[in-house]
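# Coordinate analysis (summary)
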Amino acid sequence: MNERNNNAEPHTPPLGGWGVDSNGYYGEFGGAFIPEMLQPNIDELKACYKEIIDSYEFKQEFISLLKDYVGRPSALYYAKRLSEHYGTKVYLKREDLNHTGSHKVNNTVGQILLAKKMGKTRIIAETGAGQHGVATATVCALMNMKCIVYMGSVDIERQMPNVRRMEMLGAKVIPAESGNKTLKDATNEALRDWINNPEDTYYLIGSVVGPHPYPEIVAKFQSVISEEIGWQLDEKIGRTSPDYIIACVGGGSNAAGAFYHYLDDEKVKLVAVEASGMGVDSGETAATMACGGVGFIHGSKTMLMQNDDGQIIEPYSISAGLDYPGIGPFHSNLFKTGRAQYIDATDREALDAAFLLTRTEGIIPALESAHALAALEKLKFNPDDVVVVNISGRGDKDMDAYINEMNNPS
Amino acid sequence: MNKLQKKLNDKKENLLTIYFTAGYPELNDTGTIIKELEASGADIVEVGMPFSDPVADGPTIQASSLQALNNGMGIKVLLEQLKAIKNEVNIPVLLMGYINPIWKYGVEKFMADCEDAGVSGLILPDIPLDEFKQDYQKLYEKHNLSSVFLITPQTTNERIKAYDEACTGFMYMVSSASTTGSSKTVDSQKQQDYYMRVKSLNLKNPTQIGFNIKDKTSFERACQFANGGIIGSAFIKKISEKGDLKMKVREFVSSIK
């Protein structure tokens, strides 16, 4: 049963075998396990996305918006004091400096252009921390499109500044009240909306999850991160490859973007950091690789957390952006093959890492990115190692959690 | 020929199929409801296997699924319940569900245990046709299970024909682009065009119309264009009301037929 569909002509997938194959799979993971109600939407997207995003006109528009609107390239910063602390060379890829405050905007700029070319007029999105929601509301304002964002009601509570930003940008934020009322449930609601509105609506998905071709589309738009790391490192130290790239993973889009151009460069160690909440054995966790198995979620065959009856387990993390019980199929394949290492950081470890970065470098990271920083405590580096940590977002939205930590130091 | 195929062979019009969520309202109501549906004259029963994340379902079935899971329902429990009543019921029983719990249970074991529990067919909407043909079709045949496929107003003629080719039960015509139990208003001319389009394809399998069929009027309209109609959310709402369960099942069926 594990054999994937091999109807199409065999060929090596792109990126030295790590890209998606012609059937929409990364190794044994991926595909499009969706009801017929969504099939025409996905077929429409599948039929046109490649031609559109590979066209000269699209690329020009995309590159120009990333430069002048998003503010790319994002800096690659040598963190001197943090490097001294860890006895290695730490470079921070500053996605937190992007317009809207995270890497999410790379993808929303790309997808809004795609939606426009497809003639869609209504945009729907899911959001966890609100970063993708804000990035979507932003590009919708820019392109004069109607925007509806689904967000778990628990996440609305804990990320209120982002909710207000979305509303100010003209988006309608609809609370998802099912399940744990977090990212998974917001994604369910977005899919239901799309079933009910198949013709005018484009689902602007925020991570490398969902049915094919979404994981591929999102990874491609985010790959600007690793593309820049290459030439920025070359400028600074005369080499294009680091020894390590570290990124946090919920669904996995910032990690996919940071790893992308290094997938077939086996000398580069790729490290993804999951959120283990109160700990991998606590039952209050979002560490999919550590606690999960193979299954199907949101249209994709991938790793996910489930109970013995195949019901999806509600995840937990302090970080709303990592609070998801699955992970993109791109990552499941890297995990299964061992190409990337998947480790985890708890709420506690992430908070400590956030305060360390703040006090050594004057950079307040998002709680999500703090999980990537926590990996620096866990790995052993040589003094000459070049370690790139992707700072996927800034911490403004997490000030409540940080203030709480300052008021109640543990 | 399984019970479903026999029923479809014997009765060509006004087929009434009732959907409900296994283990709802109470864990052990599954058998009671099936027996009562048969006694009150429903033609086919479709039993929903509850899932934590039912993306194709509207609020009514979401709520019943959650309640059923809280009651302790799962595939293993359901198949035991069905096996226990299989010699007492004649009405064809179909199972409908999402793929993840089945995958976790083991696909081949699931099919074998379905046959053993007297199940006639399966509706597994999130398995794409290509995957069905490659990994599932032979197992359906081996275990004498009929396949039922969903089509929608957006499904092309080409795809409808491909589904019809693989189908061994009936074609499940989703009445409009929506999740289950939706109350959104439908352009009835557009809907009729879709029904007529499917009719003109002269499919080899019978058709039944489902989603948003909720009462006598909508059921009769479905039967004008197809071999029958499928009612889900409206039935679940009825059995959620206070009162005697058997009585409510009878009242509901007699309000339709």
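All of these numbers come straight from a predicted model, not from anything done at the bench.

## Considerations on empty space enclosed by the protein
One water molecule sets the probe size; rolling that probe over the atoms shows where empty space is left. Per the stated rule, a full pass over the model turns up nine cavities of 30 Å³ or more. Roughly 330 Å³ of volume is contained in the largest cavity. If you go around the largest cavity, you meet 30 residues; those closest to its centre are H103, K104, L183, S253 and G321 of chain A. Its residues placed into classes, the lining of the largest cavity shows eight nonpolar, 18 polar and four charged. Put simply, the second largest cavity is a space of about 190 Å³. Lining of the second largest cavity is provided by 20 residues; of these, F33, H298 and G299 of chain A together with V55 and D126 of chain B occupy positions nearest its centre. Mapped onto the lining of the second largest cavity, the elements with two or more residues apiece are helix 8 (183-196) and strand 11 (293-297) of chain A together with helix 5 (99-105) of chain B. By residue class, the composition of the lining of the second largest cavity is 13 nonpolar, five polar and two charged.

## Here we look at a nonpolar patch on the surface
Residue and element names in this part refer to chain A. Together, I364, M399, I403 and M406 make up an exposed nonpolar region whose accessible area comes to about 310 Å². Counting through the fold element by element, I364 comes out in the loop between helix 14 (347-361) and helix 15 (367-378). The class for I364 is partly exposed, based on a relative accessible area of 36%.

## So, the pattern of salt bridges
Residues and elements named next belong to chain A. Counted under the stated rule, the structure contains 43 salt bridges over all chains. Taking the shortest distance from any N to any O, the salt bridge between K67 and D68 comes out at 3.5 Å. When sorted by exposure, K67 lands in the same class as D68, which is exposed. Taken together, the shared-partner salt bridges in this structure form one network comprising R72, K93, E95 and E228.

## Comments concerning the confidence of the model for chain A
Overall, the predicted model of chain A reaches an average pLDDT of 95, with 97% of residues at or above 70. Of the regions scoring below 50 in pLDDT, residues 1-10 of chain A engages in 26 contacts with residues more than four places distant in sequence or in other chains.

## Quick word on the side chain of T108 of chain A
All names here are of chain A. Mapped onto the elements of the fold, T108 is located in helix 4 (residues 104-117). What makes T108 buried here is its relative accessible area of 0%. In contact with T108, not counting residues within four places along its chain, are H132, A135, T136, V139 and L204.

Conventions we followed
Residues numbered from 1 in each chain as written. Chains lettered and ligands numbered in written order. Predicted model: local features only at pLDDT ≥ 70, side-chain atom pairs only at ≥ 80, totals over all residues. Heavy atoms only, no water. 1 Å grid on protein atoms, 1.4 Å probe; cavity = no way out; pocket = protein on both sides within 12 Å on 5 of 7 lines; lining within 4 Å. Points joined across faces, edges and corners; volume = space filled by probe spheres on them. Nonpolar A, V, L, I, M, F, W, Y, C, P; charged D, E, K, R; others polar. Helix = DSSP H or I, 4+ residues; strand = E, 2+ residues; numbered from the N terminus. Patch = residues over 30% accessible without salt bridge, like charges linked within 9 Å, V, L, I, M, F, W, Y side chains within 5 Å. Areas by Shrake-Rupley, 256 points an atom, 1.4 Å probe, with all protein chains shown as cover. Salt bridge = Lys/Arg side-chain N within 4 Å of Asp/Glu carboxyl O. Buried < 20%, exposed > 50% of the residue type's maximum accessible area, 1.4 Å probe, protein only. pLDDT = per-residue confidence, 0-100. Contact = heavy atoms within 4.5 Å.

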